[in-house]
Amino acid sequence: MNRLRAWFRKLTGVVPTQQQEQEFSSELESHLQLHIDDNLRAGMTPADARRSAIIKLGGIEHTKQAHRETRTFPLIETTFQDIRYALRQLRRSPGFTATAILMLALGIGASIAIFAFVDAALIKPLPYADPTRLADVAEHGVAFPRSNISYLDFRDWQRLNKVFSSMEAYTGGGFLFKTSTGVEPVPAARVSDGFFRTLGIRPMLGRDFYSGEDQPNAPPTTILAYGTWQRRFGGRKDVIGQTISLSGTPTTIIGVLPQDFLFPPRGGAEFWTTVHQLSSCEKRRSCHNLFAIGRLKDGVSFETAQTEMAAIAKQLEIQYPGSNRDQGAHIGPLPELIVGQIRPILLVLLAGAFLLLVIACVNVASLLLVRSESRRREFAVRGALGASPSRLIRQFITEGFVLVAAGTCAGLASGVLAIRLLIGLVSKDMLASMPYLSRLGLNSHVLLFTAAIALLAAAIFSLTPVLRLPTATMREALNDGDRASAGTLWRRLGANLVVLELTIAVVLLVGAGLLGKSFYRLLHVDLAFEPSNLATLFVSLPQNTYNKDELVVTAAHKIIDRVSTLPGVTSVAITSTLPVSGNGNTDWIRIVGHPFHGEHNEVNEREVSSDYFKTIQARLLRGRLLTQQDDATRPRVTVINKAFADKYFPGEDPIGKKYGNGDLAPDSLKEIVGIVDNIRESSLDEDIWPAEYKAHNQDADSFFALVVRTSGDPTPVLTSLSAAVHQVDPGIGTFNVLTMQQRINDSQTAYLHRSAAWLVGGFAALALLLGVVGLYGVIAYSVSQRTREIGVRMALGAQRATVYQLILREAGVLTAIGITAGIVCALGASTMLRGLLFNIRTWDISTLAFVAIVLGAAALIASYIPAHRAASINPVEALRAE
Amino acid sequence: MGDKTDVWQGTLSLMVLKTLEAMGPLHGYGIARRIEQTSGDLLALNYGTLYPALLKLEQEGAIASEWGQSENNRRAKFYSLTRVGRRLLDKEARSWEQTTAILARFLAPSEDAS
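Residues numbered from 1 in each chain as written. Chains lettered and ligands numbered in written order. Predicted model: local features only at pLDDT ≥ 70, side-chain atom pairs only at ≥ 80, totals over all residues.

The next point concerns the overall build of chain B. Helix and strand counts for chain B stand at four helices and three strands. The N-to-C order of helical and strand elements in chain B reads α-β-α-α-β-β-α. Contacts in chain B between residues at least 24 apart in sequence constitute 52% of all its contacts with a sequence separation of at least 6. (Helix = DSSP H or I, 4+ residues; strand = E, 2+ residues; numbered from the N terminus. Contact = placed C-beta atoms within 7 Å.)

Moving on: the overall build of chain A. Across its full length, chain A holds 29 helices and 22 strands. For 882 residues, the compact-globule estimate of 2.2 N^0.38 gives 29 Å, and chain A exceeds it by more than 25% at 38 Å. Expressed as lengths along the three principal axes of its C-alpha atoms, the size of chain A is roughly 135 × 80 × 55 Å. Taking the contacts inside chain A whose residues are at least 6 apart along the sequence as the reference set, 83% of them involve residues at least 24 apart. (Rg over C-alpha atoms; globule rule 2.2 N^0.38 Å.)

Positive phi values are uncommon outside glycine, yet Asn533(A) reaches one of about 55°. Secondary-structure assignment places Asn533(A) in the loop between α19 (483-523) and β12 (534-540).

With that settled, consider the domain arrangement of chain A. By the assigned domains, chain A splits into domain 1 (2-72), domain 2 (74-128 + 342-478), domain 3 (142-326), domain 4 (497-521 + 745-882) and domain 5 (542-731). The straight-line distance from the C-alpha centre of domain 2 of chain A to that of domain 5 of chain A is 58 Å. (Domains from an automatic or database assignment.)

As a further point, take the environment of Cys409(A). Residue and element names in this part refer to chain A. Position of Cys409 among the secondary structure elements: in helix α15 (residues 389-425). For Cys409, a count of 16 C-beta atoms within 10 Å corresponds to the partly exposed category. Linking Cys409 and Thr450, residues 41 residues apart in sequence, is a C-alpha distance of 9.7 Å. (Buried ≥ 20, exposed ≤ 12 C-beta atoms within 10 Å, placed from the backbone.)

Our focus in this paragraph is the sheet that holds strand β2 (residues 63-69) of chain B. All names here are of chain B. Read from one edge to the other, the open sheet built from three strands follows the order β1-β3-β2, with strand pairing classed as antiparallel. Of all strands in the sheet, those bounded by a partner on one side alone are β1 (26-27) and β2. Where β1 and strand β3 (residues 75-81) come together, two bridges link them in antiparallel fashion. Following the sheet pairing, His27 is matched in β3 by Phe78. (Pairing = 2+ DSSP bridges.)

Another aspect to go through is the pairing of strand β1 (residues 134-140) of chain A. All names here are of chain A. Among the seven residues of β1, six are classified as buried, and the element is accordingly described as predominantly covered. Sheet analysis places β1 next to strand β10 (residues 288-296), joined by four bridges and oriented antiparallel. The partner of Leu134 across the bridge, within β10, is Arg295.

Below, the discussion takes up the interface of chain A and chain B. Listed per partner, the contact involves 22 residues of chain A and 21 residues of chain B. Mapped onto the side of chain A that touches chain B, the elements with two or more residues apiece are α1 (2-12), α2 (18-41), α3 (46-57) and α4 (60-71) of chain A. It is α2(A) that provides the largest number of residues to the side of chain A that touches chain B, a total of seven residues. Partitioned by chemical class, the residues of the side of chain A that touches chain B number four nonpolar, eleven polar and seven charged. (Nonpolar A, V, L, I, M, F, W, Y, C, P; charged D, E, K, R; others polar.)

The terminal C-alpha atoms of α2(A), which comprises 24 residues, lie 35 Å apart, in line with the 34 Å expected from a rise of 1.5 Å per residue. Considering only its buried residues, α2(A) is in contact with α3 and α4 of chain A together with β1, α2 (28-38) and β3 of chain B. Just past α2(A), the residue Gly43(A) takes up positive phi, approximately 100°. (Expected span 1.5 Å × (residues − 1).)

This part covers the pairing of strand β19 (residues 670-676) of chain A. In summary, the side chains of a regular strand alternate between the two faces of the sheet. All names here are of chain A. In terms of burial, β19 is largely enclosed, as five of its seven residues are buried. As defined by bridge partners, strand β16 (residues 620-623) adjoins β19 across three bridges and the pair is classed as antiparallel. Paired with Leu620 across the strands is Val676, a residue of β19. Here strand β18 (residues 658-660) pairs with β19 via two bridges, running antiparallel. Paired with Lys658 across the two strands is Glu671, which belongs to β19.

Residues and elements named next belong to chain A. Take Val673: it is sitting in strand β19. Separated by 37 residues in the primary sequence, Val673 and Arg636 place their C-alpha atoms 9.9 Å from one another. When residues no more than four places from it in sequence are discounted, the contact partners of Val673 are Gly623, Arg624, Val637, Val639 and Ile655.

With 86% of its residues at a pLDDT of at least 70, chain B reaches an overall mean of 82. Interface scoring of the predicted complex returns ipTM 0.85; its pTM is 0.76. (pLDDT = per-residue confidence, 0-100.)

Moving on to the nonpolar core. One finds Val506(A), Leu508(A), Val760(A), Ala767(A) and Leu775(A) to be the most contacted residues of the largest nonpolar core, which totals 216 residues. Leave out the neighbours within four places in its chain, and Leu775(A) touches Val498(A), Leu502(A), Ala811(A), Leu814(A), Thr815(A), Ala859(A), Ala862(A) and Ser863(A). With 29 residues, the next largest nonpolar core counts Leu34(A), Leu12(B), Val16(B) and Ala62(B) among its residues. (Core = buried A, V, L, I, M, F, W, Y, C linked by C-beta atoms within 7 Å.)

To continue, consider the environment of Leu509(A). All names here are of chain A. Relative to the helices and strands, Leu509 resides in helix α19. Along the sequence, Leu509 and Phe763 sit 254 residues apart, while their C-alpha atoms lie 8.4 Å from each other. In this structure, Leu509 is in contact with Ala764, Leu768, Val851, Val854 and Leu855, ignoring residues within four places of it in sequence.

Residue and element names in this part refer to chain A. Contact geometry of α2 with α4 gives a least axis separation of 11 Å together with a crossing angle of 135°. It follows from the interaxial angle that α2 and α4 lie oblique. Between α2 and α4 the crossing geometry is right-handed. Residues Gln20, Phe24 and Leu28 of α2 lie in contact with α4, whose contacting residues are Ile60, Thr63, Lys64, His67 and Arg71. When grouped by side-chain class, the residues that make up the contact of α2 with α4 number three nonpolar, three polar and two charged. (Axes fitted to C-alpha atoms, helices over the stretch in contact; angles between N-to-C directions. Parallel < 35°, antiparallel > 145°, perpendicular 65-115°, else oblique. Left-handed = near helix turned anticlockwise from the far one by under 90°.)

This is the structure in structure tokens:
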């Protein structure tokens, strides 16, 4: 009890009060006075009386200090003292303080920002029940390691497997949704009935799909995404049970998904419905348009599941040799599918940010070293006056902590800013495919990470000067003569640190160089068409109105004609899939007269209008292009690309040859009339596949993309495109109007490469700056320490050129070691980048050479300044100063 | 002078408490003189060491302090025993007596043997 009270009163005593101090002073004064009175009475002289009283007391200051220490906890009190002293020290050298805090803020801020992304994407578990037990279930084709699964295969897999407690399918889709401003196509998803139960998601409002609600006779129902409910239905609770019209089908709203629900493969989906109404594709086993998820039964591993599903696929292959040949199974963890693509980039960025942080710490540490060097005398004096070595070391540690605390606060602020900035750079479409990024922010993980790096930095900063505080030699430090040897010691340590910085800078520069070059090559990949001055727009004809091919063809012609009249438009065409959107939407073909054993010859399948090749300016290599006359009344014709001709007609002339589907069904037979260049249908970093271009007139689709060639900048046309389409029929849905160039630049591939290149480039630039500043610091300090030596040399006849040489050689050696070590490390580190590089080797000589030159030049400039200063030393003054 | 003993750790506060019990409210200088006199001038007491001990006792609530006038009209801070202090004195005194008694037993036989 007493002890507790005493402890509490001591704690309150931490706050130093003037009053306590004064009161004790007067108490001591009265004590002395009483003692002096006694002494005087004993016959002493006044001077002796006072002296004797003070001696008996044991010293006024000493007593006061002992009293002070009892008043509160000495450790806390002296720590406060240390902090006050540290702040005063830092205030006294604002240049050092600002530089150190700025560097720390940079390093810590960058690390925090990147870590926040890593946390949102990779660390936080996906918001499903037990997400690690969820599997991505897909088929495995010859050309695609992971391909869509066909509806009938899916039902067989679902029925036959014993490894999943549940397995459900999903696919994309879209509806035309009537709003006050007209018809709007909205992205949607169609799933089998137990999809949400498998994920472990329960609607926040209303109910989930009933079991059996995905059967053909079930009434159409939909579950809303949370954002849709908020945006389109005002977040009203009474929407449950309401009937809305989706593409003309009356559909009942039965539920609303939770706010934190996300499913990146169908990130943008606003309406979730069941697959109760099968599309024509879903009725055929050979048509693949679904993906599936499965929840592994307890104790079942992914390998077991893979083996079992492969066996089932094999069984189906025997049962349906035509459609299922070579169609295996692909089972993988669902989280891997969701974040697998972004992981390597994030890890590279995290490594980059971390290297930057190391450079920043090293730089600040060497600044601290320089300071500790110039404060040797101060510490020697304090030591001589009775400060214990541990107290002196504590002073250093406190200063380190104060610096780190300030740096961390600044770093947190800059990190938050950087997160905002980075997330602002992510396009809306990208965000829809990476919805987990919406979980970005300062959460406990990020704060914990911040605390960890702050502690690490604090440890580094407090330890470096401590290492350089040889308490035993303190007395020598009082002598000026000691300075030269101490300087040498420090120069060696500082030089090592600078080599480390330069090495890291080289690694980051090489990384940035490789990523930048790879990004450049990606953007300059051969497209085989002219992307500038092209405007594009997706068009969706309502299937209820345009339920016959002829109606679709007529509408397409009307749209083309209408858009052609817009000012500035020189040519208009349509295609089922825009170029550079990725391999896919394929057809299995069999060439008439070629040996065939049921293999799946996969080619990209595109339906285009007659002016398509002219509009995108693709080159015709042989034969003729499609014409307006190639319509439903005429024999079916196709134009193929060069890759098709090379692969399936080696040494043959394809013109006039025919091909069809695997059975060579008569209505599938087409005649090849022309060969065009390899138009890049694939995304920028994929291989070119064989492709066929069928006549839209003969193979109409109610969903297509409009491609518009303009005489000048296509941007002005963009705004009038939708209106022009709606003049044909206001019920037609249009969306995603963009120029072709925007589409290419914003494509996921370009985006990921660009962000990696820019961010690593930014880190590298900062690293270069910090590294060079570090080098400058070391050389400049070395010059200041060697002033006398240089003075002596010059007095003995050394030329200025020799002095330049002396200093530049010192810098040159450090730089050379740094660059060499850096390149060796970079070669090792860049294997980490391999997955992110396009068309470039990890040991690209020109990049390495360029980095070496840039760093060498920067280092030369940085060391020239101190070298110049050294050469202009006046020997007389230098010698006198010492 | 040379035979003076240093004050053992912890015994000083007991002496202070006992002094205050015997003398009533007293200022720091008075307590110091009194302890010295009571010890028969055998203790070498640096008066300064008394003040942290007084502060500690005050923090524990064993004594209270108040400014007042000394016998020769000097302003001084007077310390007095509180109820807590009385209890503490009893406890400490008893435990001290016990300790000395035990130690005395240890030391006694060796004296016999010599």
